[in-house]
Amino acid sequence: MKLKTTLILLVITAAVFAYMFFYERKAPTTEEAKRQAQNVINFSREKIDGIAIQNGDDKIDLRRRDKKWRLETPIKDQADSSLIENLLLNLESWQKDATIPAKELEADKSKLNEYGLSKSKLRLKLRGEDAPPEILFGKDAALEGKMYVRLENSKETFLAAQSIKKEIEKKAAEFRDRKLTDLITAQVSRVVLKTATGEMELQKKGDHWEIVKPLRARGDDQKIADLIAQITTARIQQFVADDRGDLHPYGLAEARGSITLFAQDDKSAGRTGSSRGEQGQVLQIGGAPEKEKDQVYVRFSARAFVYTLPKKIEEILNTKPNDVRDRHLVRIDTNILDRITIDAPGKGKTVLARKEENWTIASRKNVPANSSEVRRLIDTLQNEQVTKFVEEVASDLPKYGLDQPQLQLTFSSFASENTAETKAGERPFATIAFGKVDGDNVYARLGDEPFIVAVRRGLLEQIFTDPLQWQELSIFKFKPEQIHRFSVVADKELSLVRGANNQWSWLKGSDAIDQVNVESLLNTLSMLHAVRWVGSTAPQHALEKPQLVITFTTSPDDKAPHKLTVGGAAPDGMWFARVDEREGTFVISNPDLNALRLPLVKPVEPSPAVSASVTPSATR
């Protein structure tokens, strides 16, 4: 029996806790209850799906569908959702300033008529689950900013702020959404523009726009986005008429032009929408009102009305393909770029290969390349814009020197092994050919496009055709303490060797050694960087008669010498130089040369006796 009693008590306890958990937690707190008691009405905004406003003979009916508000009466159109949500928010916090009890009203039957509540002309009804009673609005009270209100079937009357009355006294047109469309620019995937001069079609593929008609070309992503934004951000100036009537007065019976927007999920995106029966949102542009010359009549299929928009919208009709054409010379997908081939007839091919985050010269046994210079080339080409669209059809290549280009760049992806998706080998995805030079321009053609364009002539100078120019800038990669022995030959030869105590001594000579200058020289030498590579060594580099030669070793057996030769002056205060381990000539900076020419012999300090003898004369 005791066990049975215990089980019963446990069940009762569990039920009590369940009640507290599921019901008590939903009950308002004391403070919340006080606030609700002071509200004119209490409701949940999320559950409201309709609003009815009766203002005399005028009725406004608003409904929420798919989280959007629409005006159903007296006309059907999009409603201003932000305005309506703001109304509901204000209704939630609308409070009573005073209550006139039922007893007082029953004692004087004329009070309701005095307050304008016996036959209220302005009424507000919320629709939805747990919606509150209809609100009746009366006359303004003697207190500034206050008015009389009453709930349907309620015997009490309240004094409340006039703010809600001002929000619902509006005409139906004021509840209409002045934003032309709910579409946002990012949702649009296809655009069709029709004018008297022809048709232009734009299609988004992946992250980029393309011109499909009247020619196939890359589109300028930003300019096309700006074009679309003129519609998606357009604000209606006037609500004119239903579009089922006579459209001739508005110049819309035969519109001057139209632009159709298709969203990404639009199943009809493969065909042009031209009327309200088809998918796509069509904006037709007509004439201008006589009195509002800064506006233009438009008809928008998604909303079935004639409106006016700012006259600036008609600039869309003047858009030509070249206005929205991508003027960038090339798009390079750096995510798949593995190879760059530079082919200059008579100079051979240079193949640059990506190795993780760096680059090598694959055509020279994968020696390290100047990775920053490769990235500079890619950035330069990505940012280069054509100066002129020359020909839409590349039918006369010899005329522009593109049948036998002076320079060709090929960008490829590369797979070292076969996979299910790709075969091993190089897969070119973009090619640029450069032809004849014409003044400040050079003709060019992108391999997969039929066009001929012109770009800056100076671009050619930024593309190295000598593979030696692509070598990495790091000449030596040692630590100063690794250098065991070195000799400097300028006007004479000086040779030093590092001793067991890490001190330097002459191989020949007994002069004092300037240890500070020695360390400075070694710091520069051990980590020497070129400013740039010039290319193959030529007589004008003056390396046959050098001004400075430094030889050094990095091991005690001195069997692997390194040699730096500095020749004549290069432009911009630089100096030509070369090393035996690398082919070609590079230039070093003037500060580096000065560090390499520091005097290694320490100046002889004057003896104290000599200093004393010269001091008196110095003070006179």
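Rules used throughout
- Residues numbered from 1 in each chain as written.
- Predicted model: local features only at pLDDT ≥ 70, side-chain atom pairs only at ≥ 80, totals over all residues.
- Heavy atoms only, no water.
- Salt bridge = Lys/Arg side-chain N within 4 Å of Asp/Glu carboxyl O.
- Helix = DSSP H or I, 4+ residues; strand = E, 2+ residues; numbered from the N terminus.
- Buried < 20%, exposed > 50% of the residue type's maximum accessible area, 1.4 Å probe, protein only.
- Pairing = 2+ DSSP bridges.
- Axes fitted to C-alpha atoms, helices over the stretch in contact; angles between N-to-C directions.
- Contact = heavy atoms within 4.5 Å.
- 1 Å grid on protein atoms, 1.4 Å probe; cavity = no way out; pocket = protein on both sides within 12 Å on 5 of 7 lines; lining within 4 Å.
- Points joined across faces, edges and corners; volume = space filled by probe spheres on them.
- Nonpolar A, V, L, I, M, F, W, Y, C, P; charged D, E, K, R; others polar.

**A look at the pattern of salt bridges**
Side-chain pairs of opposite charge can arise where the charged atoms are in close proximity.
1) Next: A full pass over the atoms with the stated rule returns 34 salt bridges.
2) Next: In this structure, Asp130 and Lys47 form a salt bridge, with 3.5 Å as the shortest nitrogen-oxygen distance. Residue Asp130 is located in the loop between strand S6 (122–128) and strand S7 (135–140), and its partner Lys47 is located in the loop between helix H2 (30–38) and strand S1 (48–55); the two are separated by 83 residues in the primary sequence.
3) Next: For the salt bridge of Arg123 with Glu134, the shortest nitrogen-to-oxygen distance reads 3.4 Å. Placement of the pair is Arg123 in strand S6 and Glu134 in the loop between S6 and S7, with a sequence separation of 11 residues.
4) Next: You can call Arg123 partly exposed: its relative accessible area is 24%.
5) Next: Judged by its relative accessible area of 15%, Glu134 falls in the buried class.
6) Next: Here the salt bridges share partners, and the residues they tie into one network are Arg218, Asp221, Asp326, Arg331 and Glu449.

**Examining the sheet that holds strand S35 (residues 585–588)**
Neighbouring strands of a sheet are bound in pairs by backbone hydrogen bonds; such pairs are parallel or else antiparallel.
1) Next: Within the open sheet, the 8 strands sit side by side as S30-S29-S28-S32-S33-S34-S35-S31. Their pairing is antiparallel. Both edges of this open sheet fall to strand S30 (504–506) and strand S31 (532–535), since each of them pairs with a single strand only. The sheet shows a mean angle of 25 degrees between the axes of neighbouring strands, taken without regard to direction.
2) Next: Both S31 and S35 contribute to a ladder of 3 bridges, which runs antiparallel. Paired with Gly535 across the bridge in S35 is Thr585.

**Comments concerning the environment of Asp333**
1) Next: Tracing the backbone shows Asp333 in the loop between strand S18 (305–310) and strand S19 (339–344).
2) Next: Through-space distance from the C-alpha of Asp333 to that of Phe411 is 9.2 Å; in sequence the pair is 78 residues apart.

**Some details on the environment of Ile84**
1) Next: Within the fold, Ile84 resides in helix H3 (residues 81–92).
2) Next: What makes Ile84 buried here is its relative accessible area of 0%.
3) Next: Separated by 83 residues in sequence, Ile84 and Glu167 place their C-alpha atoms 9.4 Å apart.
4) Next: Residues in contact with Ile84, not counting those within four places in the same chain, are Ile51, Leu62, Trp69 and Ala79.

**Some thoughts on unusual backbone geometry**
1) Next: The step from Thr73 to Pro74 runs through a cis peptide bond, and the omega angle for that step is 10 degrees.
2) Next: Looking at where Pro74 falls in the secondary structure, it is placed in the loop between strand S3 (68–73) and strand S4 (77–78).
3) Next: For the bond running from Lys213 to Pro214, omega is 0 degrees, close enough to zero to count as cis.
4) Next: Mapping Pro214 onto the fold places it in the loop between strand S12 (208–213) and strand S13 (217–218).

**Looking at empty space enclosed by the protein**
1) Next: One pass over the full model with this rule turns up 2 cavities of 30 Å³ or more.
2) Next: Considered as a void within the structure, the largest cavity measures approximately 110 Å³ in volume.
3) Next: Lining the largest cavity are 13 residues, with Arg218, Leu329, Glu449, Phe451 and Val453 sitting closest to its centre.
4) Next: Partitioning the lining of the largest cavity into residue classes produces 7 nonpolar, 1 polar and 5 charged.

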